Amino acid sequence: MSGPDSEVAVMAAPERPAVSFIVPCHNEELVVEAAAQALLELIEQQHDIGRCGPRSMVLLVDDGSSDRTWELIEQLTLAHPGRIAGLLLSRNVGHQHALLAGLSIAPGDVLISIDADLQDDLGVIPQMLDYYQQGHDIVYGVRRGRPTDTRLKRMTAAWFYRLMRRLGVDVIDNHADYRLMSRRAVEMLRRYDEVNLFLRGIVRLIGLRSAQVLYDRRERAAGSSKYSLSRMSGLAIDGITSFSAVPLRVISMLGLLTSLFALAVSVWVLVVALTNPSAVPGWASTVLPVTFIGGVQILSIGVLGEYIGKIYMETKRRPRFIVDRIVGLPGDDSERDAQRRQ
Ligand code: UDP
Ligand code: MG
């Protein structure tokens, strides 16, 4: 081809972004292959219509699985060189840190984080890429509803988002970690080097131009949720205490109110004692304030403890994840592994 057309083609080529999908996997042997397959198909499709570049790929992050997940990931990288890469973390560090590890290592101009269980609708990816092309650095995938979640999960999630907003934390309702970020946004994210990581809060702090796409969340393709109730409440408490000091202020106010109350009770007790010498002080006026104030104190110490725990963890500056092995990326560990096996 020659003439002005070929020039346009040459100039347009670099505009097609290399898209990397980051997929955290913790004991996902039942779904990891299907997830990789679905993402590969999507990449081919989007590549054919010119939405993503030839260096687009899938990075599967094994977050300390104890099943065959890593074995399957290694097989996938061999079967699809250049398209699939694997990252093995040295142990289970949790969804948020696994995602961060993937985001830190993945190449590409556009990084899309998505769960391995295919609950998030891949159908909205073209829309996400369109927003990117229009100049948005972050595109949030937002669930339209939660028909497949349990009632308990729906209710607790609604409370959580409402509470976060009340506490002045900027979160997007029903956005988990299905998200597109430009390279620029990821570099900014990496400057937030806190150990108590609540990504969906931090990404909001970055700012930049962002958009939202709505999707319906499906049932898990297979396997079971890796987020137990206690893990979920852990994430919620981390989210609140990493982003808001309002609970500290609330306990100060509580302290003030209970002190005023205690003062009023003491005045009353004193007045009764002075004006009515025969009065036997009632047990209520003794026991009630003691138990009440005791309760408030323990609660307050608990809240303080949450924050002190955070400070403790942050001061250690421990690495947030340790990479055991990378396969399928340039300069990775597969050659070294092969040599060792010989
Ligand atoms: N996950 C992870 N490390 C963990 C727990 C979960 O990488 O310690 C991954 C998991 O494999 C999945 C994603 O995080 O890809 C979301 O987990 P899950 O689907 O179990 O959570 P739910 O959708 O039930 O909230
Ligand atoms: Mg899930």
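Conventions we followed
- Residues numbered from 1 in each chain as written.
- Chains lettered and ligands numbered in written order.
- Predicted model: local features only at pLDDT ≥ 70, side-chain atom pairs only at ≥ 80, totals over all residues.
- Heavy atoms only, no water.
- Near = heavy atom within 4 Å.
- Polar contact = N/O pair within 3.5 Å; in protein donor to acceptor, adjacent residues only side chain to side chain.
- Areas by Shrake-Rupley, 256 points an atom, 1.4 Å probe, with all protein chains shown as cover.
- 1 Å grid on protein atoms, 1.4 Å probe; cavity = no way out; pocket = protein on both sides within 12 Å on 5 of 7 lines; lining within 4 Å.
- Sits in = over half its atoms within 2 Å of the grid points.
- Nonpolar A, V, L, I, M, F, W, Y, C, P; charged D, E, K, R; others polar.
- Buried < 20%, exposed > 50% of the residue type's maximum accessible area, 1.4 Å probe, protein only.
- Helix = DSSP H or I, 4+ residues; strand = E, 2+ residues; numbered from the N terminus.
- Pairing = 2+ DSSP bridges.
- Points joined across faces, edges and corners; volume = space filled by probe spheres on them.
- Donors = N, O, S within 2.8 Å, 3.2 Å for Na, K, Ca; no water.
- Expected span 1.5 Å × (residues − 1).
- Phe/Tyr/Trp six-rings, centres within 6.5 Å; stacked < 30°, edge-to-face > 60°.

### Quick word on the site of ligand 1
At step 1: In the vicinity of ligand 1 lie 19 residues, with E28, D117, S225, K226 and R231 positioned nearest.
At step 2: The contact in question runs from a nitrogen atom of ligand 1 to an N or O atom on the backbone of H95, over 3.4 Å.
At step 3: Protein chains shield 95% of the accessible area of ligand 1, which is 530 Å² for the free molecule.
At step 4: Comparing atom positions with the cavity grids shows ligand 1 to sit within the largest pocket.
At step 5: Considered class by class, the residues forming the shell around ligand 1 number four nonpolar, six polar and nine charged.

### Some details on the pairing of strand β2 (residues 57-62)
Two faces, one strand: in a regular strand the side chains alternate between the faces of the sheet.
At step 1: When you tally the buried positions in β2, you get six out of six residues, the bulk of the element.
At step 2: A two-sided burial pattern is seen for β2, the buried positions comprising M57, L59 and V61 on one face and V58, L60 and D62 on the other.
At step 3: Note: strand β1 (residues 19-25) against β2, six bridges, orientation parallel. Residue P24 lies in a different strand from β2, and its bridge partner there is V61.

### So, empty space enclosed by the protein
At step 1: One pass over the structure, following the stated rule, counts one cavity of 30 Å³ or more.
At step 2: Looking at the largest cavity, its volume works out to about 30 Å³.
At step 3: Across the lining of the largest cavity, the residue classes break down as two nonpolar, one polar and two charged.

### Describing the coordination of the magnesium ion (ligand 2)
At step 1: In the first shell of the magnesium ion (ligand 2), the protein supplies D117 (OD) and Q119 (OE1), at 1.9 to 2.0 Å from the metal. For the residue pair D117 and Q119, the accessibility class agrees, reading buried in each case.

### Comments concerning the layout of surface pockets
At step 1: Considered as a void within the structure, the largest pocket measures approximately 1,000 Å³ in volume.
At step 2: Together, 47 residues line the largest pocket, and K153, R200, Y227, M232 and L235 are the ones closest to its centre.
At step 3: Elements with a minimum of two residues in the lining of the largest pocket: β1, α6 (151-166), β6 (175-182), α9 (229-243) and α11 (283-316).
At step 4: In terms of residue count, the dominant contributor to the lining of the largest pocket is α9 (nine residues).
At step 5: The class makeup of the residues in the lining of the largest pocket is 18 nonpolar, 13 polar and 16 charged.

### Points about helix α10 (residues 246-275)
Three or four residues apart is the spacing at which side chains of an α-helix point the same way, because the helix has 3.6 residues per turn.
At step 1: Taking 1.5 Å per residue as the helical rise, α10 with its 30 residues ought to reach 44 Å, and the 43 Å between its terminal C-alpha atoms agrees with that figure.
At step 2: Residues of α10 that are buried include every one of P247, I251, T258 and V265, and no others.

### Observations concerning the packing of aromatic side chains
At step 1: Applying the stated criterion to the full structure yields three aromatic pairs.
At step 2: Between the aromatic rings of F160 and F198, the centroid separation amounts to 6.1 Å while the plane-to-plane angle is 85°, which identifies the pairing as edge-to-face. A residue pair is termed long-range when its members are at least 10 positions apart, and F160 in helix α6 and F198 in the loop between α7 (183-189) and α8 (199-206) qualify at 38 residues. Each of the two residues, F160 as well as F198, counts as buried.
At step 3: By way of ring pairs, the aromatic residues F160, Y161 and F198 are connected into one cluster.

Everything listed here is a matter of geometry and, on its own, says nothing about what the molecule does.
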